[in-house]
Amino acid sequence: MNFIIGLPAMMPLHSAWLLLTEYRSCAFNSAGFRSFCGSVDVIEGAGWARAGVIVVGGLGLLLVVAVDVLLPAAYGRRIRPWLLGMLVIPVPYLIAVATLAMAG
């Protein structure tokens, strides 16, 4: 289940990567078009990347809490194996990054 959660988790992970690399100058600047952190493309891209991290990442976090904490607790199962299973969530993103790095 955690591996399947990793597929939609690719969007906030990639958005966070863009904020840390390509859109670093505008990453935490919320002034919008009044700011002087770069070109219009950088300002717009940083806004979309922030939205990806906050909205999709927040929904993904709620899904992880529901699947890995609430459901096992409701059925009386141990939570520790489920929490260890969360380590496979970034695996699809890491595979995609490695594949693109080797291809390009």
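Just so it is clear, the model here is predicted, and its values are computed rather than measured.

## Thoughts on the overall build of the chain
- Along the backbone of the chain there are 5 helices and 0 strands.
- Going from the N terminus to the C terminus, the chain shows its helices and strands as α-α-α-α-α.
- Taking 2.2 N^0.38 as the reference for a compact globule, 104 residues should give roughly 13 Å; the C-alpha atoms of the chain span a radius of gyration of 17 Å, well beyond that estimate.
- In the chain, buried positions account for 26% of the 104 residues.
- At a minimum sequence separation of 6, the contacts of the chain that also span at least 24 residues come to 54%.
- Surface exposure of the chain reaches about 7300 Å², of which carbon and sulfur atoms provide 74%.
- Averaging the positions of the 6 positive and the 4 negative side-chain charges in the chain gives two centres separated by 17 Å.

## Here's the deal with a nonpolar patch on the surface
- A grouping of V53, I54, V55, L59 and L62 is seen on the molecular surface, where their side chains present a nonpolar patch of about 490 Å² in accessible area.
- Note on placement: I54 falls in helix α3 (residues 40–74).

## A short note on the environment of I4
- Of note, I4 is situated in helix α1 (residues 2–6).
- Judged by relative accessible area, which is 53%, I4 ranks as exposed.

About the thresholds
Residues numbered from 1 in each chain as written. Predicted model: local features only at pLDDT ≥ 70, side-chain atom pairs only at ≥ 80, totals over all residues. Heavy atoms only, no water. Helix = DSSP H or I, 4+ residues; strand = E, 2+ residues; numbered from the N terminus. Rg over C-alpha atoms; globule rule 2.2 N^0.38 Å. Buried < 20%, exposed > 50% of the residue type's maximum accessible area, 1.4 Å probe, protein only. Contact = heavy atoms within 4.5 Å. Areas by Shrake-Rupley, 256 points an atom, 1.4 Å probe, with all protein chains shown as cover. Lys, Arg positive; Asp, Glu negative; His and termini not counted. Charge placed at Lys NZ, Arg CZ, Asp CG, Glu CD. Patch = residues over 30% accessible without salt bridge, like charges linked within 9 Å, V, L, I, M, F, W, Y side chains within 5 Å. Salt bridge = Lys/Arg side-chain N within 4 Å of Asp/Glu carboxyl O.

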